[in-house]
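Take a look at the letters that make up each chain.
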Amino acid sequence: MNRRETLKALFLASASTGIIATTGCSTSVNPNYRGKRVTWTSLDSTYSYGRTAVEKAHDQDLLQQSYFSEHELVTIATLCDIILPNEDPNGGALDAGVPDFVEFIVKEREIFKIPLRGGVMWLDNHSIEHYGANFINIAESQRLEICDQIAYPEVENTQLQPGIRFFSLMRDLTMTGYYTSELGFNDLGYQGNNPNTWDGVPASVLKRHGKQYDDEWLSKCVDQSRREIIAEWDDEMNLIT
Amino acid sequence: MAQDSYDVIIVGSGAGGGMATYQLANAGLKVALIEAGDFYDPAADEQRTQLRFPWESPRRGASTRRRPFGDFNACIGGWELDDEPFTTTEGTEFMWWRARMLGGRTNHWGRISLRFGPLDFKRQDSDGLGHNWPISYEDIKPYYDKVDKLIGVFGSNEGLYNDPDGFFLPAPKPRLHELYYIDGARKLGIPVIPARKSILTKRINNQRGVCFYCNQCDRACSVHADFSSSTSLIFPALNGGKVDLYTNSMVTEVTTDDTGKATGVLFINKKDRSLNNLLAKTVVLAASACSSARILLNSTSAQHPQGLGNSSGHVGRYLHDSTGASRAAFIPDLMDRDIYNEDGVGGMHVYTPWWLENANLDFPRGYHLEIGGGMRMPSYGFGFAVNQYNEFLGKKVGGYGKQLRDDIRRFFGARLSIACRGESIAQYDNYCELDPTMLDEWGMPVLRFNYNWTKNEIAQAKHMQETMEALLEASGGIPLGDRPGEDENFGLTKPGEIIHEVGTTRMGAESQTSVTNEFCQLHDASNVFIADAGPFVSQADKNPTWTILALAWRTSDYIVEQMNKRNI
Ligand SMILES: Cc1cc2nc3c(=O)[nH]c(=O)nc-3n(C[C@H](O)[C@H](O)[C@H](O)COP(=O)(O)OP(=O)(O)OC[C@H]3O[C@@H](n4cnc5c(N)ncnc54)[C@H](O)[C@@H]3O)c2cc1C
Ligand code: SF4
C-alpha cells in the first residue's frame, strides 16, 4: 500500500470499527469519522469541467504528490472534526472530505504550507507541555480545553498567538471545504445553480424587509410570460412585443 | 510557402474581430479569421463550466495562475501566459490580461454594454485635456442601434443625455440587496437605473437561447444567451461558408509590398511550430489594443522602418485603462435571510451612471458605479472569517462547533459591495513598445509597458471612496475595513487592472499625431484596418466593448465600400 492508501485504510478501519486505530507510528484517528468521503485521489473519467490538457496534467501532478505526513493529516482531520462535527442530517467536515481538500489546496498554495505544518507542531508542543502527549493522543476534553484557548482571535495572550492564527486558518479551510461540498450546500440551504426564471424578490420577503418595487421601475422589467416572443421595436426605441 | 489568397484576413476573434468577421463574410467577402487560441464553445460539454458545482473541482473553485478569476471562469489565459510574457519599464506598473481562445475576452467579460455619449467624443472641448475624437456620437449612433438589435442588450430608456437610450430588452427585477442600494442612493439624491447588459432576457432570434438566470455569465453560457463573439457572431458567420477559421495560429507580422501596402500576414502554427504566410487584399487587426500594436511594431520593412503604421511614432502611445476602486459593507438588516434562489443574471441588475457632469470637482471626467451582493453560490473562500461581523454585534468572533453553522447562515447574503469604473486622461507617455531584449516562445519580441497614473486619477479615486462610503451607509451598511488613504492612492486600481486597454493606435485627422483615420484605416497603409479598442481617442466613464463593436461594424461597412470602389 502506498502512503495515501494506508491513510485511507486507517480512516476506513476506524470508521467501520468505531475505535481508535493506531499504526506503527502511533497515530490515531478521530473515532467520529464515518466514511462517506468525497475523495480526490486521482483523476477519473468523471473529472470533466472544461479543463485544458495542461490543467489536467497539473492537477494529476498535484494529486500524486503528498505534502502532509500521516500524523499531520490525522491531526488536521481531528481539528476539522472539532470545528464542524458531524450533525444530522448533513454530517460534518469529515463526511464532506475536508481533510482531502485541505491536503490538495495546500499542495497548490505555497502560502499555506509552513503555517499549517508549523501549526501542527505548535499544537503538539503545546499539548505535550500541558497534557504530556501529542494533540491527537490526549483526551477529548483536553483537546477542547486547548481549542477554547486558541479559537478566539481577540484573545490578547501573546504566547498563544501562533496557535490562534493556526486555528483561524484551520477554521477558514474547514468552513470553506464543508460549505463547498454537497452536504454543506444542503446545510446552508443554498437554492441556486439551476435553470429558473427570476421574477423578483418573493412578496413575503419584500414585506419582511419593508421594501417594494415601484411601478415605474417595474415597467422597465421583463414580463416573464413574454420572454419567448422575439423582440421587436418601433423606431422610437420602444419594445413592442 | 504562400497558400490561398483571401479578400480579408482578420487577426483575433474577440469583440472586434468577431464583428468584422460577421459583417465582411455577410457582405460576400472571402475571409480568413486567425486566432492564437483554441476553438471554444461553452455548449460543448467537455468545455462547459456553467452549472458545475464547486465540489466538481478539487480546489472547490479556487483561482489558479491559469484561472485567476476562479477555477470555473471561462477564460483560457489570464494575467500571465506561459508562452507570451511581457515586461514593464523600471518603476512603472501595468497588468495585462489576455484571453487566448476563440471569442477572446468576450467569453467571460462582464457584459456591461454601455454606449459612449455625445460628450465622450469631445471631452477636450469641455475640460481642455486630452484630445477630441474625429467623429461624434451622431456618426456612431446608427451602429450602436444596429448592435443593440443584432446582439441584444437589456436596459431602460432614461433620456439621459450622455448615457444615451437604445433598443433595449427589458431588465431583470432588482434583487433584495439592490433594493437596499436603490433606497440608499435615492436618499442621497444619486441616480440609480437598471443595468445595461448584453444578456437575452427575451428572445431575439431562433438561434440563441434565452437567459435562465444562473448568474454565471463569467463561465460563458451554454445556450448562448449572453454575448460572446464566438457564439453570437463567429458561429453564424462560419455557417455561411465564407470564413476559414485558423485556430492556434499566432500572427507575428503583417507583410507588405514595395509600395508599402499589406499583402497578408505571417503566422506560427502553434501545434507544429511552422511559419506560414497567408495572402489577402486587406488585413484587419483585432488582436486587442496592445496585441495589435505589437504586431504593427513587429512589421518592419524598408517602407515602414519603425513598424507598420508607425511613421508618426504613435503606435503603442496613449495606452489607457479605466480607473477603479471598490468597497463593501455589512448590512445588518440582511442578516438571517429567508433563503431562495437569488442568482439572477451574471452580475448586477442595477447601476449608477455618472451624475456630476458640470459639478465643480477637483478632478476631470467621471465614473460609474457597479453594485454587487446577494446569496451567491458558495465557492472557495466562502466561510472564511465566517463570523467577523460579530464584531459589530458585540459578540465573540471565532469559535468552533455547531455555532458556526448558525453564523454562516446568519450572514449569508448580508453584504453589499460597490465598484467604481472611471475615465482616465490618455497620456502620450503611457505606452507599450517592443522590448528589444526579450522574445516570447514564438520568436516574437514581447511588449514592454510604461504606465503611470497622474494626480487626476488619484483625485478621482478619493472622490470614489467618499461616494462609496456615503452610499453604503445610506443603504444601511457598515463599511468594512478602513477607507484607503493617500498613501494607498485612495485604493486606485493598478494600470491595466480594469482590463479596458484602449488607445494604442488612436484615430485622428492628422497623420503626425494619430495612427488611423476615423474609419480605423492606417494612415500609412490603406488596406490595413484596426477593429479593436486601439483607435479609441479617449475611454469615457463607460466600459469599452459596445463601442468596439459599433466601430468594427462601421469600419467593415467602409471596407466593403472601398473595395467596391476599388480603392483598396
Ligand atoms: C473579466 C473581464 C470583465 C470585463 N467586463 C467588461 C464589461 O462588463 N464591459 C465591457 O465593455 N468590457 C468588459 N471587459 C473588456 C472586454 O472583454 C474587452 O473590451 C473586449 O473583449 C475587447 O475585444 P477585442 O476584440 O479588442 O479583444 P479580445 O476580446 O481580447 O480578443 C482578442 C483576440 O485576439 C487574439 N490574438 C491576440 N494576439 C494574436 C495574434 N498575434 N495572432 C492571432 N490572434 C491573436 C486573442 O487570442 C483573442 O482571442 C471585460 C474583460 C474582462 C477580462
Ligand atoms: S445568467 Fe443567463 S445569460 Fe448568463 S450564463 Fe446564466 S443563463 Fe446564460
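Residues numbered from 1 in each chain as written. Chains lettered and ligands numbered in written order. Predicted model: local features only at pLDDT ≥ 70, side-chain atom pairs only at ≥ 80, totals over all residues. Heavy atoms only, no water.

Asks: Would you mind showing me how to read empty space enclosed by the protein here?
Replies: Which parts of space are left empty comes out when a probe the size of a water molecule is rolled across the atoms. All names here are of chain B. Summed over all chains, the structure comprises 6 cavities of 30 Å³ or more. The volume enclosed by the largest cavity comes to roughly 100 Å³. Around the largest cavity, the lining is made up of 15 residues, and of these Gln50, Cys211, Cys214, Cys217 and Cys221 lie nearest the centre. Its residues assigned to classes, the lining of the largest cavity comprises 9 nonpolar, 5 polar and 1 charged. Taken as a whole, the second largest cavity holds about 70 Å³ of empty space. Lining of the second largest cavity is provided by 13 residues; of these, Gly130, His131, Ala426, Val537 and Ser538 occupy positions nearest its centre. (1 Å grid on protein atoms, 1.4 Å probe; cavity = no way out; pocket = protein on both sides within 12 Å on 5 of 7 lines; lining within 4 Å. Points joined across faces, edges and corners; volume = space filled by probe spheres on them. Nonpolar A, V, L, I, M, F, W, Y, C, P; charged D, E, K, R; others polar.)

Asks: How do you make sense of the layout of surface pockets when you look at a structure like this?
Replies: Space inside the second largest pocket adds up to approximately 910 Å³. Surrounding the second largest pocket, 34 residues form its lining, Thr52 and Val54 of chain A together with Asp38, Ile76 and Arg100 of chain B being those nearest its centre. Of the residues forming the lining of the second largest pocket, the biggest block, 4 residues, is contributed by helix 2 (residues 53-64) of chain A. Residues belonging to the lining of the second largest pocket are distributed by class as follows: 11 nonpolar, 8 polar and 15 charged. (Helix = DSSP H or I, 4+ residues; strand = E, 2+ residues; numbered from the N terminus.)

Asks: Is there a simple way to think about the site of ligand 2 in this case?
Replies: Residue and element names in this part refer to chain B. Around ligand 2 there are 14 residues in total, and Cys211, Phe212, Cys214, Cys217 and Cys221 lie nearest to it. Structurally, ligand 2 is housed in the largest cavity. Residues that form the shell around ligand 2 fall into these classes: 9 nonpolar, 4 polar and 1 charged. (Near = heavy atom within 4 Å. Sits in = over half its atoms within 2 Å of the grid points.)

Asks: Help me understand the site of ligand 1 in this model?
Replies: Residue and element names in this part refer to chain B. Every one of the 37 residues lining ligand 1 counts as a neighbour, but Glu35, Arg105, Gly110, Ile112 and Thr545 are closest to it. Alanine 99 is positioned with one of its backbone polar atoms (N or O) 3.0 Å from an oxygen atom of ligand 1. Interatomic distance of 3.1 Å between a backbone N/O atom of methionine 101 and an oxygen atom of ligand 1. Notes on ligand 1: free accessible area 990 Å², of which the protein chains cover 95%. (Polar contact = N/O pair within 3.5 Å; in protein donor to acceptor, adjacent residues only side chain to side chain. Areas by Shrake-Rupley, 256 points an atom, 1.4 Å probe, with all protein chains shown as cover.)

Asks: Would you mind showing me how to read the interface of chain A and chain B here?
Replies: How big an interface is tends to be stated in terms of the accessible area lost upon association of its parts. Chain A puts 90 residues into the contact, and the matching count from chain B is 100 residues. In total, chain A and chain B occlude about 8100 Å² of area from one another, counting both sides; carbon and sulfur atoms represent 59% of this. Our enumeration of links across chain A and chain B arrives at 14 salt bridges. Lysine 402 of chain B serves as the salt-bridge partner of glutamate 87 of chain A, at 3.5 Å between the closest nitrogen and oxygen. At the junction of chain A and chain B, the tally comes to 53 residue pairs in polar contact (both at pLDDT 80 or more). Mapped by element, the contributors of at least two residues to the side of chain A that touches chain B are helix 2, helix 3 (70-83), helix 4 (98-108), helix 6 (140-150), helix 7 (161-179), helix 8 (182-188), helix 9 (203-209) and helix 10 (215-218) of chain A. (Contact = heavy atoms within 4.5 Å. Buried area = accessible area lost by both parts, 1.4 Å probe. Salt bridge = Lys/Arg side-chain N within 4 Å of Asp/Glu carboxyl O.)

Asks: Would you explain the environment of lysine 187 of chain B in this entry?
Replies: Mapped onto the secondary structure, lysine 187 of chain B falls in helix 4 (residues 176-187). It is 35 Å that separates the C-alpha atoms of lysine 187 of chain B and glycine 130 of chain B, two residues lying 57 residues apart in sequence.

Asks: How should I be thinking about the confidence of the model for chain A in this particular structure?
Replies: Atom-level detail of predicted coordinates should not be read off regions where pLDDT is low. For chain A, mean pLDDT is 86; residues scoring 70 or higher make up 81% of the total. Low pLDDT, under 50, characterises residues 1-38 of chain A; the stretch is placed with 68 contacts to residues that sit more than four places away or in other chains. (pLDDT = per-residue confidence, 0-100.)

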